[in-house]
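Notes for the structure review
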Amino acid sequence: MPRKLGMTTTQRKAVLRNQASNLLWYGRIETTLCRAKELKPYVEKIITLAINSYDDVIETTVTTTDKKGKEVTTKVLKDGGKKLAARRKIMSLTYDIQEQRKTEVAKNADGEVKVVRETMADFKKRTAGVKHPLVEKVFNVIAPAYAESGRKGGYTRIYQLGMRKGDAADVAIIELV
């Protein structure tokens, strides 16, 4: 029987959606133990859905004419019916997380620490054509990794950390295995 977590249905669904999105994006989050136990089957169903349909791709060739009148043939990869339905289902179960510009910490020869931030032009080039980065990560990174490992479930792990100081709630870390 699902826990109510002391919230209304819409609040509970919003919290699970938000935490599932963050768990899939960052790989691990810290939350209360009850929320982690509720989140585990929610995220595992999302990952199972992606694993069962990540390789359903249809390759088509498209012929177009350019400005000079030449015919140009390009290969286009499209999602099959099963993958498209799974993609839409995952989009309904998670929030869309926007990708951030990369920052790197580098040391000079003098030993100075310098923070180098990705330029906006490089960021736009890297993220061009990606409308839903979280869904792309689930299908292109997470699902193939678990499919290759041969795992049939148990994609997440919960570590109990003890009690929180302010309200004595049990705190746990939930992470992708």
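The following refers to the structure shown. (Residues numbered from 1 in each chain as written. Predicted model: local features only at pLDDT ≥ 70, side-chain atom pairs only at ≥ 80, totals over all residues. Heavy atoms only, no water.)

Re unusual backbone geometry
Phi is positive for Leu-5, close to 60 degrees, though the residue is something other than glycine. Backbone geometry at Ala-168 places phi at a positive 60 degrees, although glycine is not the residue there. Along the polypeptide, Ala-168 turns up in the loop between β6 (156–163) and β7 (170–176). (Helix = DSSP H or I, 4+ residues; strand = E, 2+ residues; numbered from the N terminus.)

Details of the nonpolar core
Note that soluble globular proteins tend to have their nonpolar side chains buried in a common cluster. One finds Leu-24, Leu-39, Val-43 and Ile-47 to be the most contacted residues of the largest nonpolar core, which totals 29 residues. Where this core is concerned, the elements lending two or more residues are α1 (9–26), α2 (33–53), α3 (81–93), α5 (133–149) and β7. For this core, the leading source of residues is α2, giving nine residues. With residues near it in sequence (within four places) discarded, Leu-39 still touches Leu-16, Gln-19, Ala-20, Leu-23, Ile-29 and Ile-174. (Core = buried A, V, L, I, M, F, W, Y, C linked by side-chain atoms within 4.5 Å. Buried < 20%, exposed > 50% of the residue type's maximum accessible area, 1.4 Å probe, protein only. Contact = heavy atoms within 4.5 Å.)

So, the side chain of Ser-53
The residue Ser-53 is located in helix α2 in this model. Judged by relative accessible area, Ser-53 falls into the buried class, the value being 2%. Discounting chain neighbours no more than four positions away, the residues touching Ser-53 are Lys-82, Lys-83, Ala-86 and Phe-139.

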